[in-house]
Amino acid sequence: DTAVSQTPKYLVTQMGNDKSIKCEQNLGHDTMYWYKQDSKKFLKIMFSYNNKELIINETVPNRFSPKSPDKAHLNLHINSLELGDSAVYFCASSQGTGSTSGRAHEQYFGPGTRLTVT
Amino acid sequence: AQSVTQPDIHITVSEGASLELRCNYSYGATPYLFWYVQSPGQGLQLLLKYFSGDTLVQGIKGFEAEFKRSQSSFNLRKPSVHWSDAAEYFCAVGNAGNMLTFGGGTRLMVKP
């Protein structure tokens with residue numbers, strides 16, 4: 001009955017490789033997010049999708065490409081991995097959109113994927 | 001632009017002692033405020049939230065937080081800390097576009 005799940009939990013790969021992280025939520029939410037947490041625990045939004053459409057795209061290298069096959073899934077594909085991509089990546093979801101709704105900001109997080117690039 | 005500051009990077013308290021974690025935010029409108037907890041190797045769990053109304057909000061695990069508009073603060077409190085509360089705590093503010101802006105986190109350590 002996991003609400004937001006991510007696979008894999010750990011990912012170790014070499015520079016230059018291409019890798020994907022998958023995220024699924026069974027909460028019925030229509031908005032999903034990717035966050036990056038660096039080694040100092042700082043959390044930063046990367047992308048947000050609502051009903052399979054991109055609504056937030058922060059300053060992220062275009063080597064990162066999110067893909068949402070349906071509103072329950074948001075995958076993150078990373079090309080040409082670099083050492084600086086090493087981090088923990090979190091998927092999250094929330095219900096609804098619009099800044100007038102507090103509930104639209106109430107986000108539920110997955111367990112994270114620790115990516116190590118060597 | 002919105003921002004969240006958690007002034008204390010680390011806090012150590014004795015088990016059974018009271019706890020207060022500070023959070024200050026900068027946001028032009030009425031904020032939506034959240035506290036999350038991250039245990040080692042885990043994801044973020046929502047502790048409590050403030051949308052409107054009563055400025056003292058109750059959350060899970062015995063935590064509460066008080067919204068003080070005049071001080072732009074949303075401090076987290078617990079009257080008696082348990083060893084299992086040792087974790088990283090994040091304050092966040094919700095803003096336009098459904099984004100959450102997080103503070104830098106406060107690591108809580110609990111002494112036996």
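Within each chain, residues carry numbers counting from 1 in the order of the written sequence. Think of it this way: whatever chain is written first is A, whatever ligand is written first is 1, and the rest follow in order. This being a predicted model, a pLDDT of at least 70 is required before a residue's local features are given, and a value of 80 or more before pairs of side-chain atoms are given or counted; all residues contribute to the totals for chains, interfaces and linings. Water and hydrogen atoms were dropped before computing side-chain values, which therefore reflect all heavy atoms in the structure.

### Description of the nonpolar core
All names here are of chain B.
Argument step 1. Only buried residues count toward a nonpolar core. Its members are Ala, Val, Leu, Ile, Met, Phe, Trp, Tyr and Cys residues joined through side-chain atoms within 4.5 Å. When accessible area is computed with a 1.4 Å probe and restricted to protein chains, residues below 20% of their type maximum are described as buried, those above 50% as exposed, and intermediate ones as partly exposed. Formed by 26 residues in total, the largest nonpolar core has its most connected members in L19, W35, L47, L48, F74, L76 and Y89.
Argument step 2. Helix and strand definitions here come from DSSP, where helices need a minimum of 4 consecutive H or I residues and strands a minimum of 2 consecutive E residues; each element is numbered from the N-terminal end. Counting residues per element, the ones that place at least two in this core are β2 (10-14), β3 (19-21), β5 (32-38), β6 (44-50), β8 (64-68), β9 (73-78), β10 (87-94) and β12 (106-111).
Argument step 3. The greatest single-element share of this core, amounting to four residues, is contributed by β10.
Argument step 4. Residue contacts follow a heavy-atom distance rule, with two residues in contact if any of their heavy atoms lie within 4.5 Å. Setting aside its immediate chain neighbours within four residues, F74 contacts C23, L33, F34, W35, L48, K49, Y50, V57, A65, E66, F67 and C91.

### Here's the deal with the state of the cysteines
Argument step 1. We call a pair of cysteine sulfur atoms a disulfide when they lie within 2.5 Å. Across all of its chains, the model carries two disulfides over all chains by this definition.
Argument step 2. Sulfur-sulfur distance for the disulfide between C23(A) and C91(A) comes to 1.8 Å. Handedness here is read from the sign of the S-S torsion; for C23(A) and C91(A), about -75°, the answer is left-handed. In this pair, C23(A) is assigned in strand β3 (residues 19-25) and C91(A) in strand β9 (residues 87-94), connecting sequence segments 68 residues apart.
Argument step 3. C23(A) sits in the buried class, given a relative accessible area of 1%.
Argument step 4. We classify C91(A) as buried; its relative accessible area is 0%.
Argument step 5. In this model C23(B) forms its disulfide with C91(B); the gap between the sulfur atoms is 1.9 Å. Disulfide C23(B)-C91(B): the torsion about the S-S bond is -65°, which places it as left-handed. Of the two residues, C23(B) is situated in the loop between β3 and β4 (24-26) and C91(B) in strand β10; the sequence distance between them amounts to 68 residues. Of the two residues examined, C23(B) and C91(B), each falls in the buried class.

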